[in-house]
Amino acid sequence: MQPLRGVTVVALEQAIAAPYASRQLADLGARVIKVERPGTGDFARAYDSRVKGLSSHFVWANRGKESLTLDIKDPRGKELLLRLVAGADVFLQNLAPGAAARAGLGAGDLRARHPGLIVCDVSGYGSPGPYAGRKAYDLLVQAESGLLSVTGTPEEAAKAGIPVSDIAAGMYAYSSVLAALLERGRTGLGTHLDVSMLEATVEWMGFPLYYAYDGAEPPPRAGAAHATIHPYGPFTAGDGKTVLMAVQNEREWRGFCTVFLGRPELADHPHYATNADRDRHREALGALVAARFAELTSAEAIALLDAVPVANARVNTLAEVWDHPQLAARGRLHEVATPAGPVAALAPPGPSTATPRMDAVPALGEHTRTILGELGLSGDAVDALVAEGVA
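In short, a report on the structure. Residues take numbers from 1 onward in each chain, read along the sequence in its written order. The model is predicted, so local features are restricted to residues of pLDDT at least 70 and side-chain atom pairs to those at 80 or more, both for listing and for counting; the totals for chains, interfaces and linings are taken over all residues. The basis for every side-chain value is the complete set of heavy atoms in the structure, and neither hydrogens nor water enter the calculation.

Topic: the overall build of the chain
Part 1 of the argument: The secondary structure content of the chain amounts to 18 helices and 11 strands.
Part 2 of the argument: The dimensions of the chain, computed from C-alpha atoms along their principal axes, are 85 × 50 × 40 Å.
Part 3 of the argument: Within the chain, the proportion of its 391 residues that are buried is 44%.
Part 4 of the argument: Whether two residues are in contact is decided by their heavy atoms, any of which lying within 4.5 Å being enough. Once local pairs closer than 6 in sequence are excluded, the contacts in the chain between residues at least 24 apart make up 65%. Only runs of H or I of at least four residues qualify as helices and only runs of E of at least two qualify as strands under DSSP, and these elements are numbered from the N terminus. With a 1.4 Å probe rolled over the protein chains alone, any residue whose accessible area is under 20% of its type maximum counts as buried; one over 50% counts as exposed, and the rest are partly exposed.

Concerning the sheet that holds strand E3 (residues 65-69)
Part 1 of the argument: Judged by pairing direction, the sheet is parallel, and its 6 strands sit side by side in the order E3-E2-E1-E4-E5-E6 without closing on themselves. Both outer strands of the open sheet, E3 and strand E6 (192-196), are each paired with one neighbouring strand and no more. Ignoring strand direction, the axes of neighbouring strands in this sheet form an average angle of 20 degrees.
Part 2 of the argument: In this analysis, strands are considered paired if DSSP registers two or more bridges between them. Here 5 bridges tie strand E5 (residues 118-123) to E6, and the two strands are oriented parallel to one another. In the strand pairing of E6, Asp 121 is matched with Asp 194.
Part 3 of the argument: Packing of helix H3 (residues 75-86) onto the sheet brings it into contact with strand E1 (8-12), strand E2 (31-36), E3 and strand E4 (90-93), and relative to E1 it is tilted by some 150 degrees. The convention used is that axes are lines fitted to C-alpha atoms, helices contributing only their stretch in contact, and that angles between N-to-C directions extend from 0 to 180 degrees.

Some words on the sheet that holds strand E9 (residues 311-314)
Part 1 of the argument: Read from one edge of the open sheet, 3 strands run E7-E8-E9, paired in antiparallel fashion. Unpaired on one side and paired on the other, strand E7 (232-236) and E9 mark the two borders of the sheet. Neighbour-to-neighbour, the strand axes of the sheet open up by a mean angle of 25 degrees, direction not taken into account.
Part 2 of the argument: Taken together, the 5 bridges between E7 and strand E8 (residues 242-246) define a ladder with antiparallel strand orientation. Its bridge partner being in E8, Thr 236 is matched across the sheet by Thr 242.

Remarks on the side chain of Arg 357
Part 1 of the argument: Mapping Arg 357 onto the fold places it in the loop between strand E11 (343-346) and helix H17 (368-374).
Part 2 of the argument: Given a relative accessible area of 15%, Arg 357 falls into the buried group.
Part 3 of the argument: Two N or O atoms form a polar contact when they lie within 3.5 Å of each other; inside protein one atom must be a possible hydrogen donor and the other a possible acceptor, and for residues adjacent in sequence the pair counts only when both atoms belong to side chains. Within the local environment of Arg 357, its side chain forms a polar contact with the backbone oxygen of Ala 30, the two atoms lying 2.6 Å apart.
Part 4 of the argument: One polar contact links Arg 357 to Asp 359, side chain to side chain, over a distance of 2.9 Å.
Part 5 of the argument: The residues touching Arg 357, leaving out its near neighbours within four places in the chain, are Gln 2, Ala 26, Asp 27, Gly 29, Ala 30 and Gly 64.

Side note on the packing of aromatic side chains
Part 1 of the argument: Ring pairs shown here join Phe, Tyr and Trp side chains whose ring centres sit within 6.5 Å, with only the six-membered ring taken for Trp; geometry is labelled stacked below 30 degrees between planes, edge-to-face above 60, and tilted in between. A full pass over the atoms with the stated rule returns 11 aromatic pairs.
Part 2 of the argument: Measuring from centroid to centroid gives 6.0 Å for Phe 43 and Tyr 47, while their planes differ by 50 degrees, and the two rings are tilted.
Part 3 of the argument: Since its relative accessible area comes to 34%, Phe 43 is described here as partly exposed.
Part 4 of the argument: Ring plane angle 35 degrees and centroid distance 6.0 Å describe the contact between Tyr 210 and Tyr 213, whose orientation is recorded as tilted. Taken as a pair, Tyr 210 and Tyr 213 share a single burial class, namely exposed.

Side note on helix H8 (residues 164-187)
Part 1 of the argument: For H8, with 24 residues, the first-to-last C-alpha span of 34 Å sits near the 34 Å given by 1.5 Å per residue.
Part 2 of the argument: Taken together, the buried positions of H8 are Val 164, Ser 165, Asp 166, Ile 167, Ala 168, Ala 169, Gly 170, Ala 173, Tyr 174, Val 177, Ala 180 and Leu 181.
Part 3 of the argument: Two residues or fewer after H8 comes Gly 188, characterised by a positive phi angle close to 80 degrees. Expected span of a helix, by definition, is 1.5 Å for each gap between consecutive residues, and there is one gap fewer than residues.

Section: unusual backbone geometry
Part 1 of the argument: Note the cis peptide between Ser 127 and Pro 128, where omega equals 5 degrees.
Part 2 of the argument: His 230 connects to Pro 231 through a cis peptide bond whose omega is -5 degrees.
Part 3 of the argument: Of note, Pro 231 is situated in the loop between helix H10 (206-211) and E7.

What about the packing of helix H11 (residues 250-260) against helix H14 (residues 298-307)?
Part 1 of the argument: One can describe the packing of H11 onto H14 by two numbers: an axis separation of 9 Å at closest approach and a directional angle of 135 degrees. Taken together, H11 and H14 sit at an angle that is classed as oblique. In terms of crossing hand, the pair formed by H11 and H14 is right-handed. Mapping the contact onto sequence places Phe 256, Val 259 and Phe 260 in H11 and Ala 301, Leu 304, Leu 305 and Ala 307 in H14.
Part 2 of the argument: Three classes are used, and their members are as follows: Ala, Val, Leu, Ile, Met, Phe, Trp, Tyr, Cys and Pro are nonpolar, Asp, Glu, Lys and Arg are charged, and the others, Gly among them, are polar. Residues belonging to the contact of H11 with H14 are distributed by class as follows: 7 nonpolar, no polar and no charged. Angle categories are assigned with fixed cut-offs, so that under 35 degrees is roughly parallel, over 145 is roughly antiparallel, 65 to 115 is roughly perpendicular, and the rest are oblique. Less than a right angle of anticlockwise turn of the near helix away from the far helix marks a crossing as left-handed, whereas a clockwise turn marks it as right-handed.

Structure, rendered in structure tokens:
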């Protein structure tokens, strides 16, 4: 399933947000040309060395792309980039605020020359506005968006364990590009997309924002438990393993009291009759539930919860996720090539084809000669640019 076959994306990208967006486009068949700095490349290549010596961040966000090295501060490098963009469908960038415009790669300049081009700018805060020129990294945006205020324990805020603001911006950039391609198919015209990490994350903050609407109290930080529904969270079984369970309605609550707790009279107890009651008395109820879990192994607890039925889940380690039986049963784990050899990779969510497009993670500058050759440069000309650090 390659619905974007024939679409060319030129990505002047770094870190996670824009690379994550362009990787989704590559997974759907687009040709993605990743433009990197000669010598060093995308700085995410050096974040760590956990995947056979390669960066975990880079391997995750950059499969299926071609790597072209160009120094766009050199007039020759910039001219080559502009020639590439002239033949592209999408130009995607997440340089520092204002850097693309200063380099003559702003949306206004590019679309004046190429009305059919889709230009997608990904930034921390978008433009205009008082924050337009501010640098932004994932954790900073988690703070600005209010995410930190609702994540963690009552005593201490905590960041999300994944770069959620980067991912949010990447996914909105991806979906916006898809929509723009559809619109261009009708009108022949491209557009300018301005995706900000702040706006993407605030959109995902919708529930707590509305919960605290018009000056109301925000949802409390509740660790791994749900902030406003109870019992909904992790409990430790007698064998030391953790099970997360969730009672969602009064029918489930009654079954939970009878089948799991063995105390049907609790269903109508005035402290626990509704979710609002249970939430107000969550400390006492939590102690009752925890005591019952402690009497059971995790397997016994899960069997009883399934019998109610009440939704539940194992609290898996990352090693257990690699071996998850559901992923295995659905054939979702494949291999992708990397400069360090093949590594496991999760197939793109959604498409169910047996052989999804999952091309290699590129080495720095691996496709420079091929791409510049397509622009008409001779081998000698490319050699000269490489020798002078332009390519």
